[in-house]
Amino acid sequence: ATLAVLAARLSPSRPGGCRKLAVVALVVPSLHVASGGMIGAQFALTACPASLACPGADFGTLAATLDPLRPLDIAAGRVRTVAGAAGLVLLHRGLAVAVLVLALAAAWSTRADRTLAATLAAAAVRGTVTGAVATLAQPSLAATLAHNALAAILVAALAAAAFLRRVPALRPPDSRTG
C-alpha cells in the first residue's frame, strides 16, 4: 500500500514520462524487498563469497530460487544452497542500486521539507552501505538487522513523503523553517 501511495505521489495529473517513473517506483522496491526475502527463504546468503563480486552467477537457473515452498536439501545438518542462488543475490544487489536512485529522487523532490528529505537520503545511503557491510561480513546478524531496519525507515519515510504531499494541511512545519 505504501508503494502504491508513493507511485500515486510521483504520478502527475497529466500523462507523460513521470507516469512511467511512478510505475517503476512501485515495482522496483517491491521486487527488491521480495528478492531480499527470498535470499533468506532460500538460504542464499552465502551463495556469493564475502565480496561484492559474485563469480559464477547463473541467471539461467534463477527461477529455481523463486519457489518459497521448495523442499530443502539438507546435507550434514546444513541446508544446501539451491542452484541460481548467486543470481538471486546479484538481482537483489542490482535492485538495491535502482531503489537507491529512486529514493534519492524522492529526497530531491521533497527537498522543501529538509527533515523528510534528509531522512530519505540518509536511510537510502545508509541502507545501501549496511547491505554492503552485511555482504562483506557475512554472516553478520548485526549488519543484516541494521540493513533491514534502515530499509524499514526508508519505506516509512517514503510513505510520509507520499502522504504529506497528498494532504498538505496535515504537514507539520519544518523545524528549520518555523
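Residues numbered from 1 in each chain as written. Predicted model: local features only at pLDDT ≥ 70, side-chain atom pairs only at ≥ 80, totals over all residues. Heavy atoms only, no water.

**Q** Can you lay out the overall build of the protein chain for me, pointing to particular residues and giving the numbers?
**A** Within the protein chain one finds five helices and two strands. In the protein chain, buried positions account for 34% of the 178 residues. Within the protein chain, contacts between residues separated by at least 24 positions form 66% of all contacts whose residues are at least 6 apart in sequence. When the accessible surface of the protein chain is split by element, carbon and sulfur atoms take 69% of a total near 10,100 Å². (Helix = DSSP H or I, 4+ residues; strand = E, 2+ residues; numbered from the N terminus. Buried < 20%, exposed > 50% of the residue type's maximum accessible area, 1.4 Å probe, protein only. Contact = heavy atoms within 4.5 Å. Areas by Shrake-Rupley, 256 points an atom, 1.4 Å probe, with all protein chains shown as cover.)

**Q** Break down the confidence of the model for the protein chain for me, with residues and values.
**A** Within the protein chain, residue pLDDT values average 76, and 75% of them lie at 70 or more. Ranking the helices and strands of the protein chain by mean pLDDT puts helix 4 (residues 114–136) first, with 90, and helix 1 (residues 2–10) last, with 58. Low confidence marks residues 13–23, where pLDDT is under 50. Its contacts with residues over four positions away, or in another chain, come to nine contacts. (pLDDT = per-residue confidence, 0-100.)

**Q** How would you sum up the packing of aromatic side chains? Please name residues and give values.
**A** With the rule as written, the count across this model stands at zero aromatic pairs. Against the face of Trp-108 rests Arg-111, its NZ or CZ located 4.1 Å from the ring centre. (Phe/Tyr/Trp six-rings, centres within 6.5 Å; stacked < 30°, edge-to-face > 60°. Lys NZ or Arg CZ within 6 Å of the ring centre and 35° of its normal.)

**Q** Give a description of helix 4 that names residues and reports values.
**A** Three- or four-residue spacings in an α-helix give side chains the same orientation, since the helix completes a turn every 3.6 residues. The first and last C-alpha atoms of helix 4 sit 32 Å apart over 23 residues, in line with the 33 Å expected at 1.5 Å per residue. Every buried residue of helix 4 is accounted for by Leu-116, Ala-117, Leu-120, Ala-123, Ala-124, Gly-127, Thr-130, Gly-131, Ala-134 and Thr-135. (Expected span 1.5 Å × (residues − 1).)

**Q** I'd like a description of the pattern of salt bridges, backed by residues and values.
**A** Inspection of every chain in the model, using the stated rule, returns one salt bridge. Its salt-bridge partner being Arg-80, residue Asp-73 comes within 3.5 Å of it at the nearest N-O pair. Judged by relative accessible area, Arg-80 falls into the partly exposed class, the value being 47%. (Salt bridge = Lys/Arg side-chain N within 4 Å of Asp/Glu carboxyl O.)

**Q** Hey, could you go over the packing of helix 3 (residues 85–109) against helix 4 for me, with residue numbers and the actual values?
**A** Geometrically, a packed helix pair is captured by the angle between its two axes and the distance between the axes. Put simply, helix 3 and helix 4 touch, their axes get as near as 8 Å, and they point 165 degrees apart. For the element pair helix 3 / helix 4, the angle class is roughly antiparallel. You can see that helix 3 and helix 4 cross each other, and the crossing is left-handed. When helix 3 is examined against helix 4, the residues Arg-93, Leu-100, Ala-103, Leu-104, Ala-106 and Ala-107 are found in contact with a partner set consisting of Ala-117, Leu-120, Ala-121, Ala-124, Val-125, Thr-128 and Thr-135. For the contact of helix 3 with helix 4, the class distribution of residues is ten nonpolar, two polar and one charged. (Axes fitted to C-alpha atoms, helices over the stretch in contact; angles between N-to-C directions. Parallel < 35°, antiparallel > 145°, perpendicular 65-115°, else oblique. Left-handed = near helix turned anticlockwise from the far one by under 90°. Nonpolar A, V, L, I, M, F, W, Y, C, P; charged D, E, K, R; others polar.)

**Q** For the layout of surface pockets, give the residues involved together with the corresponding values.
**A** What the second largest pocket holds in volume is close to 240 Å³. Lining the second largest pocket, in full, are Ile-39, Gly-40, Phe-43, Ala-44, Leu-45, Thr-46, Gly-77, Arg-78, Val-79 and Thr-81. Looking at the lining of the second largest pocket, the elements with two or more residues in it are helix 2 (17–41) and strand 2 (78–79). Of the residues contributing to the lining of the second largest pocket, the split by class is five nonpolar, four polar and one charged. (1 Å grid on protein atoms, 1.4 Å probe; cavity = no way out; pocket = protein on both sides within 12 Å on 5 of 7 lines; lining within 4 Å. Points joined across faces, edges and corners; volume = space filled by probe spheres on them.)

**Q** Provide a residue-level description of the side chain of Gln-138, including the pertinent values.
**A** Following the sequence through the fold, Gln-138 ends up in the loop between helix 4 and helix 5 (141–166). In this structure the side chain of Gln-138 is engaged in a polar contact, spanning 3.5 Å, whose partner is the backbone oxygen of Cys-48. Polar contacts involving the side chain of Gln-138 include one to the main-chain carbonyl oxygen of Thr-135, which spans 3.2 Å. Apart from the residues within four sequence positions on either side, Gln-138 is in contact with Leu-45, Thr-46, Cys-48, Pro-49 and Ala-50. (Polar contact = N/O pair within 3.5 Å; in protein donor to acceptor, adjacent residues only side chain to side chain.)

**Q** For the side chain of His-32, give the residues involved together with the corresponding values.
**A** Looking at the element boundaries, His-32 is found in helix 2. Non-local contacts of His-32, meaning those with residues more than four positions away in its chain, are made with His-92, Leu-95, Ala-96 and Val-99.

**Q** Describe the nonpolar core, and please don't skip the residues or the numbers.
**A** If you look at the biggest cluster of nonpolar residues, it comprises 15 residues, and the most contacted ones within it are Val-28, Leu-116, Leu-120, Leu-154 and Leu-158. Within the residue set of this core, elements represented by two or more residues are helix 3, helix 4 and helix 5. Ranked by residue count, the leading element in this core is helix 3, at six residues. Grouped together as the second largest cluster of nonpolar side chains are eleven residues, Cys-48, Val-82, Ala-85 and Ala-86 included. (Core = buried A, V, L, I, M, F, W, Y, C linked by side-chain atoms within 4.5 Å.)

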